[in-house]
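As a plain string of letters, each chain reads:
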Amino acid sequence: MKIAVYGASGYQGKLVLAELARRDIETVLAGRDLARLEEAAAAVGLPDAERRVADTSDHEALVRAFHDCAGVINCAGPFTSSGEAVVRAAIAAGCHYVDTSGEQLYVKKIFDTFATEAENAGVTVVPATNGGCVPVDLMAHILADRLESVEEIVTTHVVVGGGMSRGSLRSLVETTDAIKAGGMTYHDGDWRPGMPARHTAITLPGQSEATPVMAFPVSEVVTIPRHIRVRHVQGLTEAALGAQLNTPLTPEIIQSLPEGPDEDSRRTQHFTYVLDATSTDGRRARGIVRGPDTYGITAVIAVESARLLIAEPAKPGVLAPAQAYHPTAFLDFLIPHGIQWIVEDALAT
């Protein structure tokens, strides 16, 4: 098993490299700058790993970079501007593909653009294998099985502490318009931009008072309708966090910031994802996923996602996480890494 990491010298890329090294998986470091790849290899304890240089503007070089690899993990954001080139090259090289993107419009474009191409090539593409989308997408499938027929799924993301990497901030800048519009909502068989949130406040686990929320462009709004028959899917985040993410940023400001949160910040960060599902006959169920360190969990999820596609192949094409992986088994795999997940008993409205 050999896995290429594109964007290996970035903040998230180095965490993915460290996870591959921990699991003793043969790794190829790929990216635009050889010197930075050398530094990344030394930093994560992979001095003998192969380095391959390729720019996203050079398709043939990208294909060569992925040659003889079984899978590709793309960590090079912003994905909206460069991700398609890496997907196309991975498919051409016959590699299964995952990425760590959280950019909603990009994720939808991968489904819309590459489904037939990946299927014809016999490879599987799973975008958004990050610490937010994968647990939530898998939990949605579990809730749908519980309720049997689903009218609505609303997901709420709450992240406390930590910080953001420069790469994540650049992705925010590139997707500013989508954030301001609240992203896309899935409704009546189509994805619609700018729909107002049906819920302006959510009572979160352990709280007695409702928390103000706002619509936000999360990736599971794209993935959930791929495997669940549902009328309405919308993603939310705390209104206070959404306001912070709307703060104007310039490239100069971003470059002046640290590469990403330090280990202490990552250690103290924690997240809660809440899924509220309503059945067509009015029953309700809630799924809750909690965990630490969004960047560290993303590295674990991306590596396991790629490994599973190689070791236990899913059907070819572009798939949502719950189409490629067994929901309960994958969530249980994450428990030793600090993830807790529960499904509350279905309740009548």
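Data block above holds the structure.
Residues numbered from 1 in each chain as written. Predicted model: local features only at pLDDT ≥ 70, side-chain atom pairs only at ≥ 80, totals over all residues. Heavy atoms only, no water.

1. A few points about the packing of aromatic side chains
Line of reasoning, step 1. All told, the structure shown has 7 aromatic pairs when counted by the stated rule.
Line of reasoning, step 2. Taking the centre distance of 5.3 Å and the plane angle of 45° together, the rings of Tyr-325 and Phe-330 count as tilted.
Line of reasoning, step 3. When its relative accessible area of 3% is taken as the criterion, Phe-330 is described as buried.
Line of reasoning, step 4. Note on Phe-330 and Phe-333: the rings are 6.1 Å apart at their centroids and 70° apart in plane angle, and the pair reads as edge-to-face. Of the two residues, Phe-330 and Phe-333 both sit in helix H15 (residues 327-334), 3 residues apart, roughly one turn of that helix.
Line of reasoning, step 5. Overall, the relative accessible area of 24% leaves Phe-333 in the partly exposed class.
Line of reasoning, step 6. The rings of Tyr-325, Phe-330 and Phe-333 are connected pair by pair, giving a single aromatic cluster. (Phe/Tyr/Trp six-rings, centres within 6.5 Å; stacked < 30°, edge-to-face > 60°. Buried < 20%, exposed > 50% of the residue type's maximum accessible area, 1.4 Å probe, protein only. Helix = DSSP H or I, 4+ residues; strand = E, 2+ residues; numbered from the N terminus.)

2. Structural notes on helix H4 (residues 79-92)
Helical periodicity: at 3.6 residues per turn, an α-helix aligns residues three or four positions apart in one direction.
Line of reasoning, step 1. In this model, H4 (14 residues) spans 19 Å end to end at C-alpha, consistent with the 20 Å of a helix rising 1.5 Å per residue.
Line of reasoning, step 2. Within H4, 10 of the 14 residues are buried, which leaves the element mostly enclosed by the surrounding structure.
Line of reasoning, step 3. Considered for burial, the residues of H4 that qualify are Phe-79, Ser-82, Gly-83, Glu-84, Ala-85, Val-86, Val-87, Ala-89, Ala-90 and Ile-91. (Expected span 1.5 Å × (residues − 1).)

3. Observations concerning the packing of helix H13 (residues 294-311) against H15
Line of reasoning, step 1. Where H13 contacts H15, the axes come no closer than 11 Å and their chain directions differ by 135°. When the axes of H13 and H15 are compared, the pair comes out oblique. Considering the relative orientation of H13 and H15, their crossing is right-handed. Along the contact surface, H13 presents Val-300, Ile-301, Glu-304, Ser-305 and Leu-308, while H15 presents Phe-330, Phe-333 and Leu-334.
Line of reasoning, step 2. When the residues that make up the contact of H13 with H15 are grouped by side-chain class, the tally is 6 nonpolar, 1 polar and 1 charged. (Axes fitted to C-alpha atoms, helices over the stretch in contact; angles between N-to-C directions. Parallel < 35°, antiparallel > 145°, perpendicular 65-115°, else oblique. Left-handed = near helix turned anticlockwise from the far one by under 90°. Contact = heavy atoms within 4.5 Å. Nonpolar A, V, L, I, M, F, W, Y, C, P; charged D, E, K, R; others polar.)

4. Considerations on the sheet that holds strand E6 (residues 124-126)
Line of reasoning, step 1. Spatially, 7 strands are ordered E3-E2-E1-E4-E5-E6-E15 in an open sheet, and the strand pairing comes out parallel. Looking along the sheet, the strands with just one partner apiece sit at the ends: strand E3 (50-53) and strand E15 (317-318).
Line of reasoning, step 2. Where strand E1 (residues 2-6) meets strand E2 (residues 26-31), 5 bridges bridge the pair, whose relative direction is parallel. The residue bridging Ile-3 from the neighbouring strand is Thr-27, located in E2. (Pairing = 2+ DSSP bridges.)

5. Here we look at unusual backbone geometry
Line of reasoning, step 1. Of note, the amide linkage connecting Gly-77 to Pro-78 takes the cis form, showing an omega dihedral of -5°.
Line of reasoning, step 2. Positionally, Pro-78 belongs in the loop between strand E4 (71-74) and H4.
Line of reasoning, step 3. Its identity is not glycine, yet Ala-128 carries a phi of approximately 65°, on the positive side.
Line of reasoning, step 4. One can find Ala-128 in the loop between E6 and helix H6 (133-147).
Line of reasoning, step 5. On the accessibility criterion, Ala-128 (0% relative accessible area) is buried.
Line of reasoning, step 6. The phi torsion at Glu-148 lies on the positive side, around 75°, for a residue other than glycine.

6. Comments concerning the pairing of strand E14 (residues 283-292)
Line of reasoning, step 1. By the bridge criterion, 9 bridges tie strand E13 (residues 270-279) to E14 in an arrangement that is antiparallel. Note that in E14 the partner of Tyr-273 across the bridge is Val-289.
Line of reasoning, step 2. Once E13 ends, the chain turns through 3 residues before running back antiparallel as E14, passing Gly-282 with a positive phi of about 95°.

7. Some thoughts on helix H5 (residues 104-121)
Line of reasoning, step 1. In this model, H5 (18 residues) spans 25 Å end to end at C-alpha, consistent with the 26 Å of a helix rising 1.5 Å per residue.
Line of reasoning, step 2. Its maximal kink placed at Phe-114, H5 deviates by approximately 60°.
Line of reasoning, step 3. Residues of H5 that are buried: Gln-104, Tyr-106, Val-107, Lys-108, Ile-110, Phe-111, Phe-114 and Ala-118. (Bend = angle between axes of the 7 residues up to and from the residue.)

8. Remarks on the pattern of salt bridges
Line of reasoning, step 1. Taken as a whole and judged by the stated rule, the model has 19 salt bridges.
Line of reasoning, step 2. Here Lys-2 makes a salt bridge to Glu-26, at a shortest N to O gap of 3.8 Å. Taken together, the residues span a long stretch of sequence, with Lys-2 in strand E1 and Glu-26 in strand E2 at a distance of 24 residues.
Line of reasoning, step 3. A relative accessible area of 15% places Lys-2 in the buried class.
Line of reasoning, step 4. For Glu-26, a relative accessible area of 47% translates into the label partly exposed.
Line of reasoning, step 5. Where Asp-112 meets Lys-108, a salt bridge forms, and the shortest distance between an N and an O atom there is 2.7 Å. Within this pair, Asp-112 and its partner Lys-108 are both found in helix H5, separated by 4 residues, close to a single helical turn.
Line of reasoning, step 6. Among the residues examined, Lys-108 registers a relative accessible area of 18% and is labelled buried.
Line of reasoning, step 7. Taken together, the shared-partner salt bridges connect Lys-2, Glu-26, Glu-50, Arg-52 and Asp-68 into one network. (Salt bridge = Lys/Arg side-chain N within 4 Å of Asp/Glu carboxyl O.)

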